[in-house]
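Commentary on secondary and tertiary structure
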Amino acid sequence: MSTQARGLNNFISDLRNAKSKEEESNRVEVELAKIRKKFNPGDAKLAADGSNPSLSSYQRKKYVWKLVYIHVLGYEVDFGHAEVLALVRSKKYNEKSVGYVALSLLLRGSDPVMVTIVSAMKKDLTMAPATSGKKKKGVIKNDAVQCLALCSLANISGLELIQAMHVEVQHVLVSKTSTEQVKKKSALCLLRLTRTSPNLLSGREFAPHIGQLLQDKHLGVLTSLMSLLNGLASQHAVDYESLIPHVVHILSLLVMKKQCAREYLYYRTPSPWLQIKLLKFLQLYPNAVEGHDIGMEASGYVSQLINVVSKILMETDVSDSINKSNADHAVLFEAVNLIVAWGTTCPIAMREGAMNLLGKFISVREPNIRYLGLMTMAKLAQIEGSVEGAKKHQATVLVSLKDADISVRRRALDLLFVICDTDNAERIVDELVAHLVVADASIREEMVLKIAILAEKYATDLRWYVDTILKLISISGDYVSDSIWHRVVQIVTNHPQGDLQGYAAATLFVAVSPHRCHETTVSVAAYVLGEFGFLIAERPGMSGEEQFHVLHQHWFNVDTKTRAILISTYAKLANLYEECRPLVAPIFARSKNSSDVEVQQRCAEYASMREAFSPEAVEDLLREMPPFEDKRRSALELRLLETEGEDSAAVTKASMPSEVEQQRALQSAQMLSNPPLEEEDEEEEEEEE
């Protein structure tokens, strides 16, 4: 080969020995000019397809290989297509192989010249099988040519080419004369075509053909076919539901009877890749075992499937061989994912067995198994009735929060989020807050967001929720986003029942009293004291003037965004307390010339408000804000959805309202429909007395 491609080797050596990018580019330009001249000499007559008939086979292959290498280096190659097509049409295998490789790399399905190659590719795909006998020199086996055409078609994958060739690919796949190698290639090629054009096949018409192919004994063919079937069923699951018995039968042969060719045994595990694909297909049909139990002796694929999954759960264990352990656990976790897909239709005993097995895996030393165990347990715990089994491993999960691997810590955090409920919320949240002190910066923002969501969802006493958010701000204030403290304000405003608003005002007054505190604390305190500070004004040391001094000591330490909130609070304090007006007026006067437009506008409007409106109108403008609108999803849940995606176990858990939240919503609705009249009744009774 080196003797035949000496010119190609010399060219590659020249490029590798280039001392600069400029030198390499110059060498490539010289070679491209030389190749262009060879392909299209001015004094030679070209063939009908545009190729140069005077080129020998060696020259054509050499120049095309050079174009391929130049293209791989990143240079643009916009000529030589006719020579590539000439190689594809050749009857010699060594020329066809070069032609198909170049066709896959240098051309695209949208290129106009692709129309001229369709007939040649169809001819290669539909070649009659080679008859037995002595092969002539230069004659090739037909399956090799078919494989070349299939690989090239899958790589090019243009819409026009797909429409012209997909029928031939289907015929090759279902043909009884196709070899195993061709069937594997055609299945994968058809998968690539259906990804580009999803409505290429009619599922109801094609499903019986796949059913016939699933009876093939060759595991390589079955593995490729299952890749195709998973791709098709993920788009149109109903059309392929009739193939479930075939899939269960294959899975049973591998798991129960260990029927597997020697070359497909991986550390004594029968074809784990095929088992995984079979289990993935079954996950698309969550109602497959509805109404059945493990102990039933009825025949049928459902009972067979339950026995297979049960055996996978019972026999999988940690092995001394890492490779065998990885293969076995890959199959196991897919089996557990199948149980998760079944949900409440899965037998309870099987769910409990899977949870106990995962509890063993989350405590092993191997980080990959621990990671998968935590992730899968989080999915399993979402099934109704399974969270109690996951709670038994809460201590182990808390230990995983201190793991050296950041990905394991994230999965442990997700699992704690999923298993949290009203019974254990305070303990889990307190543990997470305590761990937040030593947590890495890379996970702090995620922890703060999830702690805030849990504290809100399961707070039976909203005063505990306020205290928890203040702890988050004091520990990791830089990671507390605006949406978190905005949510505190919304909850305090929307729940006037009890002493929550007075408690929040008093707590924030104490939190903001030190000269040094986080700016987020100042923002929350400014808003809450401006709205509900009057509830604590009669308490010792918490008068309106004291509230002003406590807030204003932070004026020069906060940014303009927080100053804008402070200005609104000052206006409300000045409206309620006469003693605050001479303190607020100089601030408004100085800040009218602020460089920040928001601060400047607020000061100017508040300063001129009393001159422009009557006292009653000013009172009405500066009264406390009305309750906020309750949305289906809070800003925190939307933030979690944005960061983790719809498939996350934490997102699914956050979107489900807890019993505490439902009770709160009911109380709020009752208060809106029946506003309290207790204070008015008490006043009337005092007048009568």
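Reading guide: rules and limits
Residues numbered from 1 in each chain as written. Predicted model: local features only at pLDDT ≥ 70, side-chain atom pairs only at ≥ 80, totals over all residues. Heavy atoms only, no water. Phe/Tyr/Trp six-rings, centres within 6.5 Å; stacked < 30°, edge-to-face > 60°. Lys NZ or Arg CZ within 6 Å of the ring centre and 35° of its normal. pLDDT = per-residue confidence, 0-100. Helix = DSSP H or I, 4+ residues; strand = E, 2+ residues; numbered from the N terminus. Contact = heavy atoms within 4.5 Å. Expected span 1.5 Å × (residues − 1). Buried < 20%, exposed > 50% of the residue type's maximum accessible area, 1.4 Å probe, protein only. Axes fitted to C-alpha atoms, helices over the stretch in contact; angles between N-to-C directions. Parallel < 35°, antiparallel > 145°, perpendicular 65-115°, else oblique. Left-handed = near helix turned anticlockwise from the far one by under 90°. Nonpolar A, V, L, I, M, F, W, Y, C, P; charged D, E, K, R; others polar. Salt bridge = Lys/Arg side-chain N within 4 Å of Asp/Glu carboxyl O. Patch = residues over 30% accessible without salt bridge, like charges linked within 9 Å, V, L, I, M, F, W, Y side chains within 5 Å. Areas by Shrake-Rupley, 256 points an atom, 1.4 Å probe, with all protein chains shown as cover. Polar contact = N/O pair within 3.5 Å; in protein donor to acceptor, adjacent residues only side chain to side chain.

1. Considerations on the packing of aromatic side chains
Tallied over the full model, the rule gives 9 aromatic pairs. Taking the centre distance of 4.9 Å and the plane angle of 75° together, the rings of Tyr266 and Tyr267 count as edge-to-face. Following the ring pairs from residue to residue traces out a cluster consisting of Phe39, Tyr63 and Phe79. Across the ring face of Phe79, the terminal group of Arg36 is positioned such that the distance to the ring centre comes to 4.2 Å. A cation over a ring is seen here: Arg463 above Tyr503, with NZ or CZ 5.8 Å from the ring centre.

2. Regarding the confidence of the model for the protein chain
Per-residue confidence for the protein chain gives a mean pLDDT of 85, with 93% of residues at or over 70. At the level of individual helices and strands, the protein chain shows its lowest average pLDDT in helix 35 (residues 678-688), which scores 48, and its highest in helix 13 (residues 272-282), which scores 94. Taken as a whole, residues 131-139 scores under 50 in pLDDT and shows 2 contacts with residues more than four places along the chain or in a different chain. A low-confidence stretch, residues 676-686 (pLDDT under 50), is modelled with 1 contact involving residues beyond four sequence positions or located in other chains.

3. Some words on helix 25 (residues 500-512)
Along its 13 residues, helix 25 runs 18 Å from first to last C-alpha, staying within 8% of the 18 Å computed at 1.5 Å per residue. Across the 13 residues of helix 25, 10 count as buried, placing the element largely inside the fold. Within helix 25 the residues assigned to the buried category are Leu500, Gln501, Gly502, Ala504, Ala505, Ala506, Thr507, Leu508, Phe509 and Val512.

4. Quick look at the environment of Arg639
Tracing the backbone through its elements, the reader meets Arg639 in helix 32 (residues 635-644). When its relative accessible area of 30% is taken as the criterion, Arg639 is described as partly exposed. For the pair Arg639 and Val651, spaced 12 residues apart in sequence, the C-alpha to C-alpha distance is 9.7 Å. If we ignore the near neighbours within four places in the chain, the residues touching Arg639 are Glu445 and Leu449.

5. Regarding the packing of helix 22 (residues 441-457) against helix 32
Following both chains from N to C, one finds helix 22 and helix 32 inclined at 140°, their axes separated by 10 Å at the closest point. With respect to helix 32, the axis of helix 22 lies oblique. In terms of crossing hand, the pair formed by helix 22 and helix 32 is left-handed. Two secondary-structure elements touch here, helix 22 through Glu445, Glu446, Leu449, Lys450, Ala452, Ile453 and Glu456 and helix 32 through Leu636, Glu637, Arg639, Leu640 and Glu644. Taken together, the residues that form the contact of helix 22 with helix 32 break down as 5 nonpolar, no polar and 7 charged.

6. Some points on helix 27 (residues 544-552)
All of the buried residues along helix 27 are Gly544, Gln547, Phe548, Val550, Leu551 and His552. Close packing links the buried residues of helix 27 with helix 25, helix 26 (519-532), helix 28 (560-576) and helix 29 (581-591).

7. Focus on the pattern of salt bridges
For the structure shown, the criterion picks out 31 salt bridges. Across the pair Lys122 and Glu168 runs a salt bridge whose closest N-O atoms are separated by 4.0 Å. Of this pair, Lys122 sits in helix 6 (residues 118-125) while Glu168 sits in helix 8 (residues 159-174), placing them 46 residues apart in sequence. Arg409 is paired through a salt bridge with Asp440; the nearest N and O atoms lie 2.6 Å apart. You can see Arg409 sitting in helix 20 (residues 406-419) and its partner Asp440 sitting in the loop between helix 21 (425-436) and helix 22, a full 31 residues away along the chain. What makes Arg409 buried here is its relative accessible area of 7%.

8. Comments concerning a nonpolar patch on the surface
A cluster of nonpolar side chains, contributed by Val72, Val101 and Leu105, occupies part of the molecular surface with about 220 Å² of accessible area. With respect to the helices and strands, Leu105 occurs in helix 5 (residues 93-106).

9. Points about the packing of helix 26 against helix 28
Helix 28 packs onto helix 26 with a crossing angle of 25° between their chain directions and a minimal axis gap of 9 Å. Comparing the axis directions of helix 26 and helix 28 gives the class roughly parallel. When you trace helix 26 past helix 28, the crossing you get is left-handed. Residues Glu519, Val522, Ser523, Ala526, Tyr527, Gly530 and Glu531 of helix 26 pack against Thr562, Ile565, Leu566, Thr569 and Lys572 of helix 28.

10. Digging into unusual backbone geometry
Positive phi outside glycine occurs at Lys258, with the angle close to 55°. Within the secondary structure, Lys258 is located in the loop between helix 12 (244-255) and strand 1 (265-266). On the basis of relative accessibility, which here comes to 45%, the residue Lys258 falls in the partly exposed class. Of note, the phi angle at Tyr267 is positive, near 50°, even though the residue is not glycine. Looking at the secondary structure, you find Tyr267 in the loop between strand 1 and strand 2 (269-270). Among the residues examined, Tyr267 registers a relative accessible area of 39% and is labelled partly exposed.

11. Let's talk about the environment of Ala412
The residue Ala412 is located in helix 20 in this model. We classify Ala412 as buried; its relative accessible area is 0%. Residues Ala412 and Glu661, 249 residues apart in the sequence, show an inter-C-alpha distance of 25 Å. Leaving out residues up to four positions away in the same chain, Ala412 has contacts with Leu374, Val397, Ser400 and Leu401.

12. What about the environment of Glu352?
Here Glu352 is to be found in helix 16 (residues 348-361). The exposure class assigned to Glu352 is partly exposed, which follows from its relative accessible area of 49%. Sequence separation between Glu352 and Ser386 is 34 residues; the distance between their C-alpha atoms is 7.5 Å.

13. Focus: the side chain of Glu24
Position of Glu24 relative to the elements: it lies in helix 2 (residues 21-39). Within the structure, Glu24 has its side chain in polar contact with the side chain of Lys21 (distance 3.2 Å). Sequence-distant contacts of Glu24, defined by excluding residues within four places in its chain, comprise Leu15, Ala18 and Tyr75.

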